[in-house]
Amino acid sequence: MTKAIKAVGMLSGGLDSLLALYLMLEQGIAVKVIKFQTPFFDWTITDCQSAAADNEEFVINRSGLTAGERVLDCEIELVDLSVNYLQMLHNPRYDYGRNVNPCIDCHILMLQTARSIMEEEGAQFVFTGEVLGQRPKSQRMPELMLISHQSGLEDQLLRPLSCRLLPTTLPEKEGWIDRDKLPAFQGRSRKPQIELAKQFGIKDYPTPAGGCILTDPSYSKRVKDLWEYVGKDKITWEDYNLLKLGRHLRINPNLKIIVGRDEAECNILRQFGKERTIIELVDIPGPVVLLDKSSDPYYEIIAARICVRYSKVRNLEKEFPVRIESANEVKIVNVRPYKLEEVEIWLIN
Ligand code: SF4
């Protein structure tokens, strides 16, 4: 019989949190599952497309779950974390990981939010799919304890997959769950999780579409470039979405150029171009090039030459017609392409 004990479970979209959910349901806990969303999590190019088309700052996830859906007899809620996310990203108390991933602060923010939901729901505790020692910076014992404390959850936070290796939590003390029936997973190996998935009969478990893009080295370089030249306080979600697309070239402190790499990216960049300057070759296949809003004619010529460089044109001596469209005017200019080595020094990658 189901106990009158309720927990809020954080679903990441991967196997670990799904196993944690199974373990809680197996022990008769009623669960409300929450899945956090920002444009950085589980991103795909389709999201950028939607954001551009709808002028939305935030796009619903691709995890296969939708709000209100019931899986394994538990309610799922998608929770938009983007409102407070940038403030945390720009000023993390516990610094960044290897790239621009503020994992400890990010976990704290998610768990603070989960705690509020727990209180609203009248639930007794929160659980996650975290595994002790799985990630070097945010899942060692001191960090797990720090996160429990700073989230305000303390012993109301249970990590079922590593339960027997961690200090006893409230649901164990109260006898709501049986600690001895929970695992003692540790480290980076996935074998125990795969074995447990087999025991639960889980064959097709979700995998995150693109993970967290803040851990991507190339994306992180682009982010750091924006932080340096634009300033953290001026950067919007649209800027962060644009960093996911195309090649990015920093020409000087005032000028950055984005070059679409394929048709899909070019189509999306065109939609982002409403308040920017868009440059394309006339009657010759080539990329869409996007300039920042404050372009001037000198910069437009640089961008036009870059546009020809990244087309199929290989004649460096000849001029080619390029269309420059800004909010106020459309004009055609004839320019020669840059040499590849002239352009490569500007690439942020
Ligand atoms: S990898 Fe990304 S989503 Fe995960 S904790 Fe770190 S910053 Fe947050």
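Visitor: When you look at the overall build of the chain in this model, what are you seeing that I'm missing?
Guide: Tallying secondary structure elements over the chain gives 12 helices and 12 strands in all. Per-residue burial for the chain yields a buried fraction of 42% across its 349 residues.

Visitor: Explain the nonpolar core here, please?
Guide: As a rule of thumb, nonpolar side chains are buried together in soluble globular proteins. Ranked by internal contacts, the top residues of the largest apolar core, which has 85 residues, are Val 126, Val 289, Ile 306 and Cys 307. It is helix α4 (residues 103–121) that provides the largest number of residues to this core, a total of 9 residues. Both domains that furnish three or more residues to this core are identified here as domain 1 (6–199) and domain 2 (245–344). The residues contacting Val 289, other than those within four sequence positions of it, are Ile 257, Ile 258, Val 259, Ile 279, Ala 303, Ile 306 and Cys 307.

Visitor: Can you help me understand the sheet that holds strand β10 (residues 289–291) in this one?
Guide: To summarise the sheet geometry, strands pair through backbone hydrogen bonds and adopt either a parallel or an antiparallel arrangement. Strand order in this open sheet of 6 strands is β7-β8-β10-β9-β11-β12, and the pairing throughout is antiparallel. Edge positions in the open sheet fall to β7 (247–252) and β12 (330–335), since each of these has one partner strand only. On average, each strand axis in the sheet is inclined to that of its neighbour by 25°, with strand direction left out of account. Summarising the sheet, strand β8 (residues 255–259) and β10 pair through 3 bridges and their orientation is antiparallel. Bridging from a neighbouring strand, Val 259 pairs with Val 289 of β10.

Visitor: Would you take a moment to explain helix α10 (residues 263–272) for this structure?
Guide: Structural remark: α-helix, 3.6 residues per turn; residues separated by three or four positions point the same way. Taken together, the buried positions of α10 are occupied by Glu 265, Cys 266, Ile 268, Leu 269 and Phe 272. Taken around the axis of α10, the buried residues stretch over an arc of 165°, which confines them to a single face.

Visitor: Which parts of the structure should I look at to understand unusual backbone geometry?
Guide: A negative phi holds for most residues other than glycine; trans holds for most peptide bonds. The phi dihedral of Asp 95 is positive, around 70°, even though this residue is not glycine. Relative to the helices and strands, Asp 95 is located in the loop between α3 (82–90) and α4. Look at Asp 95 and you get exposed, because 10 C-beta atoms sit within 10 Å.

Visitor: Before we go on, may I ask you to explain the environment of Arg 164 in this structure?
Guide: Residue placement: Arg 164 occurs in the loop between β6 (157–158) and α6 (170–173). As for Arg 164 and Pro 183, which are separated by 19 residues in sequence, their C-alpha atoms are 6.4 Å apart.

Visitor: Is there a simple way to think about the confidence of the model for the chain in this case?
Guide: A low pLDDT score tells you not to read the predicted coordinates there in detail. Per-residue confidence for the chain gives a mean pLDDT of 89, with 88% of residues at or over 70. Confidence drops under a pLDDT of 50 for residues 54–70, and excluding neighbours within four residues, the segment shows 34 contacts in the predicted structure.

Visitor: For this particular structure, what's the right way to read the pairing of strand β11 (residues 320–325)?
Guide: Put simply, side chains in a regular strand alternate between the two faces of the sheet. Of the two faces of β11, only the one carrying Phe 320, Val 322 and Ile 324 is buried; Pro 321, Arg 323 and Glu 325 on the other face are not. Looking at chain direction, strand β9 (residues 277–281) and β11 are connected through 4 bridges and run antiparallel. Residue Glu 280 lies in a different strand from β11, and its bridge partner there is Arg 323. Between the end of β11 and the start of β12, which pair antiparallel, lie 4 residues.

Visitor: Hey, could you run me through the pairing of strand β2 (residues 30–37) in this one?
Guide: Most of β2 is tucked away: 6 of the 8 residues are buried. One ladder, built from 5 bridges, connects strand β1 (residues 6–10) with β2; its direction is parallel. For Ala 7, the partnering residue across the bridge sits in β2 and is Val 31. Each parallel crossover has a hand, and for β1 linked through helix α1 (residues 15–26) to β2 it is right-handed. With 6 bridges connecting them, β2 and strand β4 (residues 74–80) associate as parallel partners. Each bridged residue has a counterpart across the sheet, and for Ile 34 the counterpart in β4 is Glu 77.

Visitor: Quick question: what am I supposed to make of the environment of Tyr 94 here?
Guide: Residue placement: Tyr 94 occurs in the loop between α3 and α4. Separated by 11 residues in sequence, Tyr 94 and Asp 105 have C-alpha atoms that sit 6.3 Å apart. The contact partners of Tyr 94, leaving out residues within four places of it in the chain, are Ile 104 and Asp 105.

Visitor: Help me out: how do you make sense of the environment of Pro 183 in this one?
Guide: Considering the arrangement of structural elements, one finds Pro 183 in the loop between α6 and α7 (191–199). Sequence separation between Pro 183 and Leu 165 is 18 residues, and the spatial gap between their C-alpha atoms is 8.6 Å.

Visitor: What exactly am I supposed to notice about the packing of α4 against helix α5 (residues 141–150) here?
Guide: When two helices pack together, their arrangement is given by the angle between the helix axes and the distance between those axes. At a minimum axis separation of 9 Å, α4 and α5 run at an interaxial angle of 40°. Relative to α5, the element α4 is oriented oblique. Judged by the twist between their axes, the crossing of α4 over α5 is right-handed. Residues Ile 104, His 107, Ile 108 and Leu 111 of α4 pack against Glu 143, Leu 146, Ile 147 and Gln 150 of α5. Its residues placed into classes, the contact of α4 with α5 shows 5 nonpolar, 2 polar and 1 charged.

Visitor: It is not clear to me how the packing of α1 against α7 should be interpreted in this structure. Could you clarify?
Guide: Look at α1 against α7: their axes get within 10 Å of each other, and the N-to-C directions meet at 45°. In terms of their interaxial angle, α1 and α7 are classed as oblique. The way α1 lies across α7 gives a crossing that is left-handed. Across the interface between the two elements, Leu 15, Asp 16 and Leu 19 of α1 pack against Gln 193, Leu 196 and Ala 197 of α7.

About the cut-offs
- Residues numbered from 1 in each chain as written.
- Predicted model: local features only at pLDDT ≥ 70, side-chain atom pairs only at ≥ 80, totals over all residues.
- Helix = DSSP H or I, 4+ residues; strand = E, 2+ residues; numbered from the N terminus.
- Buried ≥ 20, exposed ≤ 12 C-beta atoms within 10 Å, placed from the backbone.
- Core = buried A, V, L, I, M, F, W, Y, C linked by C-beta atoms within 7 Å.
- Domains from an automatic or database assignment.
- Contact = placed C-beta atoms within 7 Å.
- Pairing = 2+ DSSP bridges.
- Axes fitted to C-alpha atoms, helices over the stretch in contact; angles between N-to-C directions.
- Arc of directions from axis to C-beta.
- pLDDT = per-residue confidence, 0-100.
- Right-handed = clockwise from strand over helix to strand, strands pointing away.
- Parallel < 35°, antiparallel > 145°, perpendicular 65-115°, else oblique.
- Left-handed = near helix turned anticlockwise from the far one by under 90°.
- Nonpolar A, V, L, I, M, F, W, Y, C, P; charged D, E, K, R; others polar.

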